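Take a look at the letters that make up each chain.
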Amino acid sequence: MAQCVQSVQELIPDSFVPCVTRLSDFTFAFYFHALVHMRDPNNQLHVIKNLKIAVSNITTQPPQPGAIRKLLNDVVSGSQPAEGLVANVITAGDYDLNLSATTPWFESYRETFLQSMPASDHEFLNHYLHNNDYSYPKWFIPNTLKYYVLLHDVSAGDEQRAESIYEEMKQKYGTQGCYLLKINSRTSNRASDEQIPDPWSQYLQKNSIQNQESCEDGPCTITSNKNSDSNLLSLDGLDNEVKDGLPNNFRAHPLQLDPSSDSSNSIDGPDHVKSTSSLHETKKANAGIIHGACLTLTDHDRIRQFIQEFTFRGLLPHIEKTIRQLNDQLISRKGLSRSLFSATKKWFSGSKVPEKSVNELKNTSGLLYPPEAPELQIRKMADLCFLVQHYDLAYSCYHTAKKDFLNDQAMLYAAGALEMAAVSAFLQPGAPRPYPAHYMDTAIQTYRDICKNMVLAERCVLLSAEILKSQGKYSEAAALLIRLTSEDSDLRSALLLEQAAHCFINMKSPMVRKYAFHMILAGHRFSKAGQKKHALRCYCQAMQVYKGKGWSLAEDHINFTIGRQSYTLRQLDNAVSAFRHILINESKQSAAQQGAFLREYLYVYKTRLFGHKSELHCPSTVLIKEN
């Protein structure tokens, strides 16, 4: 795989974080760069590094597959190699290859994919740490964490009244359950006098699946109560009422552009998008808009302080208490004399009972446990420990849950436990356990073949491939990536094939021809997915290997494809050059095929001279075949 900005030790904790929801249509993440501490069930101090909290708006409907596909297409098409970027030169045998060391389009895809995964009943990793009466989104526990925030507009509100309301809130909800946040300390008229950075710009550049869906089925309306001096926000869940004729999940994002001007929301097929420029247009439109103009630097500090207060006085104590309660429940239900954390050695010592293979187990992927089932409580505790980076305890719980699920032949649950047990084992501090790659292999096979869930199988592959790559096991990583290519998604297949190609070229003994072959396959799938620029890039990278090596039919095929892709992208000079290369060398093609190439060349050359463009008409197909 290509080099990534984040190491796998950074990627996984950054992708699985505690989720908090609020009654607002804005999504952001907050990082604590300092060490954060909490207590485990044995009252031992546990350190969390670079804790990240994901705060998002709430929707009562799951994300639609079509919106997710469009979002993934947009982030890939919106990420291209930087112009003028110096490529890495790799020498392998007789080859000197200019290759891009990084693939930011793949990293953007992976990040968006992991963030947009819908919540599932078999796991709690992306469930909110709150609860209410709605069936979606998914909630972690029935004991709701309630944290009330009183927003006070300094420029327009009555501060004495705000303080009075806040005192009432503290008496009703306790000092640990509420907060007074003062904002808008300057008027908008003064905004142009001071140059203060836009606090929301970094979040607006990110694509939010919730923002896309908020206006998917119709227009949105922004409403406000101008007669209210202060607004009371709750971080515990949803407003059960429908306001202004719109349910809460269709209220407009307060910083969102008018969706009616964008007609590119429909999708043709699983990957093809009618307009691949929507991401660029949105970024361009957002570039000139200033947000947070009434916030001073003091207001910025107040917002940061609020998030810290909520995390340290609300969220972390709530998580700590929940883990302890789950641990106590499991002890009492299973009759254990010690906690899961203390009894790890006892559980995993002694003889092992051979487990059945996946093929021997029945297909009970539709099995559902009741919410109070002990098996789910173990999984819930495991996920909560994983989110706060307590990987030792998480692994113990996942391993125990895995055994219970396999005994019940609950294959979806078993695959989830196997997946996260493998990741937890890899991330354990100190002397880590050997990475149980066979756990991941079984999870992938179960998700794909038994549960028919390609999304969960893809998550396994993305995580496991990064882990294998970090251990220098490029051959195993490439095999894993290729294993998940299929006809149901051209975009996913293209990205995975490209990463497999990078694995082949990064091996100790680079496999250059395998690299080139898989880049051609990736280019073909990119083209089918409507990603013409990425398709052209892949074919150009592969041409470095085949050019001048006597593989004339392969060269013809690649040049033909480069010519067509360049023509489609209006890169007429490149198109003419590619078609000319087919004609100037001694050809092994049939006379009819050579005639078709000549007609293509003349048509493109004429287009370059006179500026007229239409579709190329060449019914022939060039085969990669050598005598």
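Residues numbered from 1 in each chain as written. Predicted model: local features only at pLDDT ≥ 70, side-chain atom pairs only at ≥ 80, totals over all residues. Heavy atoms only, no water.

Taking an unreviewed UniProt entry as the reference, the chain is identified by name as Trafficking protein particle complex 8 belonging to Capra hircus.

Right, let's talk about the pattern of salt bridges for a bit. For the structure on display, the rule yields 25 salt bridges. In this structure, K182 engages E163 in a salt bridge whose closest nitrogen and oxygen atoms are separated by 3.4 Å. Residue K182 is found in strand β9 (residues 178–183), and its partner E163 is found in helix α4 (residues 159–173); the two are separated by 19 residues along the sequence. Classification of K182 as buried rests on a relative accessible area of 19%. Judged by relative accessible area, E163 falls into the partly exposed class, the value being 31%. When salt bridges with common partners are traced through the structure, they connect E123, R379, D383, E419 and R459 into a single cluster. (Salt bridge = Lys/Arg side-chain N within 4 Å of Asp/Glu carboxyl O. Helix = DSSP H or I, 4+ residues; strand = E, 2+ residues; numbered from the N terminus. Buried < 20%, exposed > 50% of the residue type's maximum accessible area, 1.4 Å probe, protein only.)

Here R110 shows up in helix α3 (residues 104–115). Beyond its immediate chain neighbours, meaning those up to four positions away, R110 contacts C4, L11, L462 and E466. (Contact = heavy atoms within 4.5 Å.)

Here we come to the packing of aromatic side chains. Geometrically, a pair of aromatic rings is defined through the distance of the ring centres and the angle of the planes. Scanning all chains against the criterion turns up 18 aromatic pairs. Here the aromatic rings of F386 and Y391 are separated by 5.3 Å at their centres, their planes lie at 70 degrees, and the arrangement is edge-to-face. Across this residue pair, the class does not change: F386 and Y391 are buried. On the numbers, 6.1 Å between centres and 80 degrees between planes, the contact of F560 with F579 is edge-to-face. Residue F560 is found in helix α19 (residues 552–568), and its partner F579 is found in helix α20 (residues 572–584); the two are separated by 19 residues along the sequence. Both residues of the pair, F560 and F579, count as buried. Taken together, F16, F386, Y391 and Y398 form an aromatic cluster joined through their ring pairs. One cation-aromatic arrangement involves K549 over Y95; the distance from NZ or CZ to the ring centre is 4.6 Å. (Phe/Tyr/Trp six-rings, centres within 6.5 Å; stacked < 30°, edge-to-face > 60°. Lys NZ or Arg CZ within 6 Å of the ring centre and 35° of its normal.)

This part covers the pairing of strand β5 (residues 51–57). A regular strand places its side chains on the two faces of the sheet in alternate fashion. Of all the 7 residues making up β5, 7 are buried; the element is thus mostly covered by neighbouring parts of the structure. On β5, burial covers both faces: L51, I53, V55 and N57 on one face and K52, A54 and S56 on the other are all buried. Across 4 bridges, strand β1 (residues 19–22) lies against β5 in parallel orientation. By the bridge assignment for β5, V20 is matched with V55. (Pairing = 2+ DSSP bridges.)

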